[in-house]
Amino acid sequence: MPRTIEPWKINLISVWFGCFFTGLAISQIIPFLPLYLEQLGVTGGESLSLWSGLTFSITFVVSAAVAPLWGSLADRKGRKLMLLRAAFGMGVVILLQAFVTEAWQLLLLRALMGLTSGYIPNAMALVAAQVPRERSGWALSCVSTGQIGGVILGPMLGGLLADWVGLRTVFIVTAALLMVSFLVTLFLIKETGYTPVSKKEKLSGREVFRSLDNPKLILCLFFTTMVIQMCNGSVNPILTLFVRELAPTAENIAFLSGVIAALPGVSALMAAPRLGRLGDRIGTQRILLATMVISLLLFIAMSFVTSATQLGVLRFLLGFADGAMMPAVQTLLVRHSRDTITGRIFGYNQSFMYLGNVAGPLLGAAVSAVAGFRWVFCATAVVVLINVLFLKRFYRRPKTVLPASADKSSAQPASAAESAKTQD
């Protein structure tokens, strides 16, 4: 008699495909926004740079503002509903972007896109709530490979489509891919064991943090999420220019820069599930601290490279750390919070992630303008070092004693177990 597949495994596979198509859809648009703005009539270097920066960042700014709201709604109405909302909403908004005739219309739709975002964090929250806690690190790492794979393939697919059928068609194809995510979610994902939180039971933001066994650690993990995104984004504004400085005689600078930019994603795709499984065995916090220290050393080394090949090798090695850090943070958030507030916690964490997406490029652009390209890597390393020191401090602190015995009884055993690991 054939053995039936456990429901959480079916959900994990379905969520993986949903995150893959979402990552693919979003990433294939971003590299071509400046070209699309030129088609809409934005001319001149300064004006194009300004509009490009605004259209790129406004989505993340709006998303950061509304992410806690969607997280709260997920705890009350269910994560699957939030996945359907995000996939369908983004699909419609991106489809409308194919028909704009003015730059301000594109800017407005990009802001509206921020309101509809949230597929991937809600997918993570759904998986975290259903997967056995002792396998949560591996499961969340697997889900992250779906997003990473989509982000890697997105720009290549978008480039091919832009050359073959034009930029506007890229938006239409992107909307179609998001509809695929919507259908995968609608028909394949089953949210089991979900207990809705009523309005009366809903906690305020202050009460959410009071219910945590180690609220300072959670805040530190939020900050870690922002740092991870800052580190990934700080190099983006100067990468092509730095590669040109390292290889001034190369004729294919754009292609070479694109390959170097994609290398961390390739190695992250390879490393994420393995390091997630290792974290389940030896302690997720150890994996997080180790990979952050490795990334710190790699950023320092990048400031001394003398060739594009050296930079490519170091960025490839950086991807192994990148593939573990974000899933490790999400795993620790799950293990140190209750199921009834997981959506809220992931919503707050998503806000910090979006803030990192905005702050990273600003940091890179500002440091490079003042001190030069190589100092961007040094500044990024300093940010990572500060974060490592904070993590080590809060992991050494004893667990916060909850004020009420009821809170103690409702605290999840996995959280206590994970806290015990951190004190070893």
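It should be emphasised that the depicted structure is a prediction, and the values quoted were computed from it without experimental measurement.

K.L.:
Tell me about the overall build of the protein chain, and please be specific about residues and values.
P.N.:
Secondary structure assignment for the protein chain yields 18 helices and zero strands. Counting all 424 residues of the protein chain, 55% fall into the buried class. When contacts within the protein chain are restricted to residue pairs at least 6 apart in sequence, long-range pairs at least 24 apart make up 85% of them. Surface accessibility of the protein chain: about 18,800 Å² in total, with carbon and sulfur atoms responsible for 69%.

K.L.:
Pulling in residues and values, what's your account of a positive patch on the surface?
P.N.:
A contiguous patch of positive charge, built from Arg135, Arg274, Arg277 and Arg281, is present on the exposed surface. By the element assignment, Arg281 lies in helix α12 (residues 253-282).

K.L.:
Can you tell me about the side chain of Ser295, naming the residues and giving the values?
P.N.:
Relative to the assigned elements, Ser295 resides in helix α13 (residues 284-302). Side-chain polar atoms of Ser295 contact the backbone oxygen of Met292, separated by 2.7 Å. Those residues in contact with Ser295 that lie beyond four places of it in its chain are Leu318, Ala321, Met325 and Val384.

K.L.:
Please give an account of the packing of helix α7 (residues 136-165) against helix α8 (residues 167-188) that cites residues and values.
P.N.:
Running from amino to carboxyl end, α7 crosses α8 at an angle of 130°, the nearest separation of the two axes being 7 Å. Of the possible angle classes, the one that applies to α7 and α8 is oblique. Where α7 crosses over α8, the two elements pack in a sense that is right-handed. Counting all contacts with α7, which are made through Gly158, Leu161, Ala162 and Val165, the residues of α8 involved are Leu167, Thr169, Val170 and Val173. Residue classes in the contact of α7 with α8 are distributed as six nonpolar, two polar and no charged.

K.L.:
Before we move on, could you go through the side chain of Thr331 and cite the residues and values that matter?
P.N.:
Considering the arrangement of structural elements, one finds Thr331 in helix α14 (residues 308-335). Dropping the residues within four chain positions of it, Thr331 is found in contact with Ser136, Gly137, Leu140 and Thr284.

K.L.:
Before we move on, can you summarise the pattern of salt bridges with the specific residues and values?
P.N.:
All chains considered together, the criterion is met by one salt bridge. Asp280 is the salt-bridge partner of Arg335, the closest N and O atoms lying 2.7 Å from each other. Of this pair, Arg335 sits in helix α14 while Asp280 sits in helix α12, and the two are 55 residues apart along the sequence. The buried category is assigned to Arg335, whose relative accessible area is 3%. Judged by its relative accessible area of 14%, Asp280 falls in the buried class.

K.L.:
Can you tell me about the environment of Met302, naming the residues and giving the values?
P.N.:
Checked against the element boundaries, Met302 lands in helix α13. Remark: the alpha-carbon pair of Met302 and Cys378, spanning 76 residues in sequence, is separated by 8.5 Å. Beyond its immediate chain neighbours, meaning those up to four positions away, Met302 contacts Phe242, Leu311, Leu314, Arg315, Leu318, Arg374 and Phe377.

K.L.:
Report on the nonpolar core, specifying residues and quantitative values.
P.N.:
One finds Tyr119, Leu221, Leu288, Phe299 and Leu311 to be the most contacted residues of the largest nonpolar core, which totals 111 residues. Of the residues forming this core, the biggest block, twelve residues, is contributed by α14.

Criteria and thresholds
Residues numbered from 1 in each chain as written. Predicted model: local features only at pLDDT ≥ 70, side-chain atom pairs only at ≥ 80, totals over all residues. Heavy atoms only, no water. Helix = DSSP H or I, 4+ residues; strand = E, 2+ residues; numbered from the N terminus. Buried < 20%, exposed > 50% of the residue type's maximum accessible area, 1.4 Å probe, protein only. Contact = heavy atoms within 4.5 Å. Areas by Shrake-Rupley, 256 points an atom, 1.4 Å probe, with all protein chains shown as cover. Patch = residues over 30% accessible without salt bridge, like charges linked within 9 Å, V, L, I, M, F, W, Y side chains within 5 Å. Salt bridge = Lys/Arg side-chain N within 4 Å of Asp/Glu carboxyl O. Lys, Arg positive; Asp, Glu negative; His and termini not counted. Charge placed at Lys NZ, Arg CZ, Asp CG, Glu CD. Polar contact = N/O pair within 3.5 Å; in protein donor to acceptor, adjacent residues only side chain to side chain. Axes fitted to C-alpha atoms, helices over the stretch in contact; angles between N-to-C directions. Parallel < 35°, antiparallel > 145°, perpendicular 65-115°, else oblique. Left-handed = near helix turned anticlockwise from the far one by under 90°. Nonpolar A, V, L, I, M, F, W, Y, C, P; charged D, E, K, R; others polar. Core = buried A, V, L, I, M, F, W, Y, C linked by side-chain atoms within 4.5 Å.

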